[in-house]
Amino acid sequence: MKQRKTPLRKCVACQQMMPKRELIRVVRTPDEQVLIDLSGKKSGRGAYLCGKRSCFKLASKSRGLDRALKIAVSADIYRQLEEDFIQVEDEFNALKDSAGDKADDNDEE
Ligand SMILES: [Zn+2]
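Please read all numbers here as calculations on a predicted model, not as lab measurements.

Definitions and cut-offs
Residues numbered from 1 in each chain as written. Predicted model: local features only at pLDDT ≥ 70, side-chain atom pairs only at ≥ 80, totals over all residues. Helix = DSSP H or I, 4+ residues; strand = E, 2+ residues; numbered from the N terminus. Buried ≥ 20, exposed ≤ 12 C-beta atoms within 10 Å, placed from the backbone. Contact = placed C-beta atoms within 7 Å. Arc of directions from axis to C-beta. Pairing = 2+ DSSP bridges.

## A short note on the overall build of the protein chain
So, step 1. Secondary structure assignment for the protein chain yields three helices and five strands.
So, step 2. When the elements of the protein chain are put in sequence order from the N terminus, they spell out β-β-β-β-β-α-α-α.
So, step 3. Here the protein chain holds 109 residues, and 25% of them are scored as buried.
So, step 4. Summarising the internal contacts of the protein chain: among those between residues at least 6 apart in sequence, 58% fall at separations of at least 24.

Have a look at this one:
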């Protein structure tokens, strides 16, 4: 019997490999906006951060998102992302807890 592997992604700040559902996806949309994508289904180039505020700070310091998304992410955008993250944090943690071993049908970037 084959066990379904949990897709792993690397946090662009601390470089840790984590199961995808424990990371927050940040997406660069086709019109070059940088947004938090809790659903994981927005189209665009994605980067992942673990759900920790310290990683936003680290990413902003190390320009981790700039590299991952291949776009210049301004300090304002990092600040906005951090604010958004604080707002979605509860939802994110709830999703994480309820995600269980639901099939993950969205394994593309
Ligand atoms: Zn991290």
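Having seen the model, we can carry on.
## What about helix α1 (residues 53–62)?
So, step 1. Along α1, the positions that sit buried rather than exposed are C55, F56, A59 and S60. Angularly, the buried residues of α1 cover 135 degrees about the axis, an arc narrow enough to put them on a single face. Looking at α1, the residues exposed on the side facing more than 90 degrees away from the buried face are S54 and K61.
So, step 2. Once α1 finishes, R63 follows within two positions and takes phi at roughly 55 degrees, a positive value.

## Here we look at the pairing of strand β3 (residues 23–28)
For a regular strand, the rule is simple: side chains alternate between the two faces of the sheet.
So, step 1. The buried fraction of β3 amounts to six of the six residues, a majority that puts the element mostly inside the structure.
So, step 2. Neither face of β3 is left uncovered, since the one carrying L23, R25 and V27 and the one carrying I24, V26 and R28 both have all their residues buried.
So, step 3. Judged from the four bridges that link them, β3 and strand β4 (residues 34–37) form a sheet pairing that is antiparallel. When the bridges of β4 are listed, R25 appears paired with D37.
So, step 4. Between the antiparallel neighbours β3 and β4 lie five residues, among them E32 with a positive phi of about 65 degrees.

## Things to note about unusual backbone geometry
Negative phi is the rule for most residues except glycine; trans is the rule for most peptide bonds.
So, step 1. A positive phi angle, close to 65 degrees, is found at Q15, a residue other than glycine.
So, step 2. Within the secondary structure layout, Q15 lies in the loop between β1 (8–10) and β2 (17–19).

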